[in-house]
Amino acid sequence: MIENALAQSAIQLILLALVILLIPASWRVVAGPSLPDRLAAVDLITTLLIGIIVMLALVEGTQVFVDMAIALAAFAFVGTISIARYISEGRVY
Amino acid sequence: MLELLGVAALLFGLFFSAVGVIGVIRLPDVLTRLHASGKVAILGLFGLLLGAALLMPSSALRLLTLGLFVLLTSPVATHAIAASVHRRQEIADEIAHESAEDSTPTEETPFAGANVTAVLTRSRIQDIIEAQERALQQRSRDAGHNGGTK
């Protein structure tokens with residue numbers, strides 16, 4: 001936990017703003033005219049989620065959340081690479 | 001003082017995340033949108049990580065690991081998406097080129113797309129002529145046979 005009350009409320013507001021930023025990114029997933037658009041928007045959502053998890057670790061004062069962010073980054077990388085290969089070549093490997 | 005620096009770095013990261021998301025909404029092309037989402041992945045996330053490391057120094061090593069991992073993987077993922085955009089465009093161009101070659105008019109086929117149709121029509125006409133000749137021979141043979149008995 002952060003002891004300073006002002007810093008704590010600032011962190012919570014930044015976390016709220018990052019969660020609000022998820023909404024337009026999800027709109028791009030739904031409305032994107034082509035498949036690479038949707039894939040790029042999903043990648044953007046994952047990046048925002050990593051930031052949200054780091055902010056959550058700050059708010060809660062727990063270090064374990066950062067490990068969750070590392071795991072999410074790893075799986076998102078593998079998923080993005082394979083889906084990008086699938087929508088260009090028609091197969092994954 | 002350290003907390004002030006940390007909150008400033010967090011605000012830096014939030015600013016670039018908002019700019020990147022606005023760019024993903026507003027920009028007109030796939031590749032420009034990829035450019036905007038790359039801003040979120042590098043500048044926005046690194047601002048957030050720097051602020052978190054300044055505010056919570058005990059987890060600085062994990063945050064550094066996460067930062068190095070994102071620094072390695074995010075350009076590779078963005079490049080894979082851009083390469084898929086390029087490859088899809090190439091495939092679409094090849095298909096358009098092939099169909100344009102099929103339908104260009106030549107001397108043998110005076111109008112577009114007539115080549116296959118002409119070959120099919122010729123063989124179909126030959127089939128019909130041969131069937132008519134076979135039917136005529138059969139009928140004349142039957143007629144001659146019947147005429148013989150009567």
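Residues numbered from 1 in each chain as written. Chains lettered and ligands numbered in written order. Predicted model: local features only at pLDDT ≥ 70, side-chain atom pairs only at ≥ 80, totals over all residues.

K.L.:
Residue-level account of the overall build of chain A, with values.
P.N.:
Looking only at helices and strands, one finds three helices and zero strands in chain A. When its helices and strands are written in sequence order, chain A yields α-α-α. Computed over C-alpha atoms, the radius of gyration of chain A comes to 16 Å, more than 25% over the 12 Å expected from 2.2 N^0.38 for 93 residues, which places it beyond the range of a compact globule. A principal-axis box enclosing the C-alpha atoms of chain A has dimensions of 55 × 25 × 10 Å. Across chain A, the fraction of contacts at a sequence separation of at least 24, relative to all contacts at a separation of at least 6, is 46%. (Helix = DSSP H or I, 4+ residues; strand = E, 2+ residues; numbered from the N terminus. Rg over C-alpha atoms; globule rule 2.2 N^0.38 Å. Contact = placed C-beta atoms within 7 Å.)

K.L.:
Give me the lowdown on the overall build of chain B, citing residues and values where you can.
P.N.:
Looking only at helices and strands, chain B has four helices and zero strands in total. Burial statistics for chain B: of 150 residues in total, 28% are counted as buried. At a minimum sequence separation of 6, the contacts of chain B that also span at least 24 residues come to 55%. (Buried ≥ 20, exposed ≤ 12 C-beta atoms within 10 Å, placed from the backbone.)

K.L.:
Provide a residue-level description of the interface of chain B and chain A, including the pertinent values.
P.N.:
Between chain B and chain A, the residue contacts involve 40 residues of the former and 41 residues of the latter. Secondary-structure elements contributing two or more residues to the side of chain B that touches chain A are helix H1 (2-26), helix H2 (30-55) and helix H3 (60-102) of chain B. Sorting elements by how many residues they give to the side of chain B that touches chain A places H3 of chain B first, with 15 residues. Its residues placed into classes, the side of chain B that touches chain A shows 26 nonpolar, nine polar and five charged. (Nonpolar A, V, L, I, M, F, W, Y, C, P; charged D, E, K, R; others polar.)

K.L.:
Can you lay out the nonpolar core for me, pointing to particular residues and giving the numbers?
P.N.:
Ranked by size, the top nonpolar core spans 54 residues in total, and within it Val54 of chain A together with Leu49 and Ala52 of chain B carry the most contacts. Secondary structure elements with two or more residues in this core: helix H1 (5-31), helix H2 (35-60) and helix H3 (64-89) of chain A together with H1, H2 and H3 of chain B. By residue number, the principal contributor to this core is H2 of chain A, which donates 14 residues. Discounting residues that sit within four places of it in the chain, alanine 52 of chain B has contacts with Val54, Ala57 and Leu58 of chain A together with Leu63 of chain B. (Core = buried A, V, L, I, M, F, W, Y, C linked by C-beta atoms within 7 Å.)

K.L.:
Break down the environment of isoleucine 53 of chain A for me, citing the residues and quoting the values.
P.N.:
Residue and element names in this part refer to chain A. Mapping isoleucine 53 onto the fold places it in helix H2. Through-space distance from the C-alpha of isoleucine 53 to that of glutamine 12 is 12 Å; in sequence the pair is 41 residues apart. Beyond its immediate sequence surroundings of up to four residues, isoleucine 53 is in contact with Phe65, Met68, Ala69 and Leu72.

K.L.:
Go over the packing of H1 of chain B against H2 of chain B with me, naming the residues and quoting the values.
P.N.:
All names here are of chain B. Where H1 meets H2, the axes come as close as 7 Å, and the angle between the chain directions of the two elements is 165°. By the angle class used here, H1 and H2 are roughly antiparallel. Viewed along their axes, H1 and H2 form a crossing whose handedness is left-handed. Counted by class, the contact of H1 with H2 contains 19 nonpolar, nine polar and three charged residues. (Axes fitted to C-alpha atoms, helices over the stretch in contact; angles between N-to-C directions. Parallel < 35°, antiparallel > 145°, perpendicular 65-115°, else oblique. Left-handed = near helix turned anticlockwise from the far one by under 90°.)

K.L.:
Got a sec to walk through H2 of chain A? Specific residues and values, please.
P.N.:
All names here are of chain A. In a regular helix each residue adds 1.5 Å, so 26 residues correspond to 38 Å; H2 covers 37 Å between its end C-alpha atoms and thus fits that length. Of all 26 residues in H2, 20 are buried; the element is thus mostly enclosed. Just downstream of H2, glycine 61 is the residue with a positive phi angle, here 75°. (Expected span 1.5 Å × (residues − 1).)

K.L.:
Outline the confidence of the model for chain B, listing residues and values.
P.N.:
All names here are of chain B. Predicted confidence across chain B gives a mean pLDDT of 81, with 78% of residues reaching 70 or more. In the predicted structure, residues 109-119 sits below a pLDDT of 50 and forms 11 contacts with residues beyond four places in sequence or in another chain. Interface confidence for the predicted complex, expressed as ipTM, amounts to 0.89; the pTM equals 0.75. (pLDDT = per-residue confidence, 0-100.)

K.L.:
I'd love a proper account of the packing of H1 of chain A against H1 of chain B, names of residues and values included.
P.N.:
Where H1 of chain A meets H1 of chain B, the axes come as close as 10 Å, and the angle between the chain directions of the two elements is 10°. With respect to their mutual orientation, H1 of chain A and H1 of chain B come out roughly parallel. Where H1 of chain A crosses over H1 of chain B, the handedness of that crossing is left-handed. Counted together, Ala7, Ala10, Ile11, Ile14, Ala17, Leu18, Leu21, Pro24, Ala25 and Arg28 of chain A of H1 of chain A and Glu3, Val7, Leu10, Leu14, Ser17, Ala18, Val21, Val24 and Ile25 of chain B of H1 of chain B form the full contact between these two elements. The residue inventory of the contact of H1 of chain A with H1 of chain B, partitioned by class, reads 16 nonpolar, one polar and two charged.

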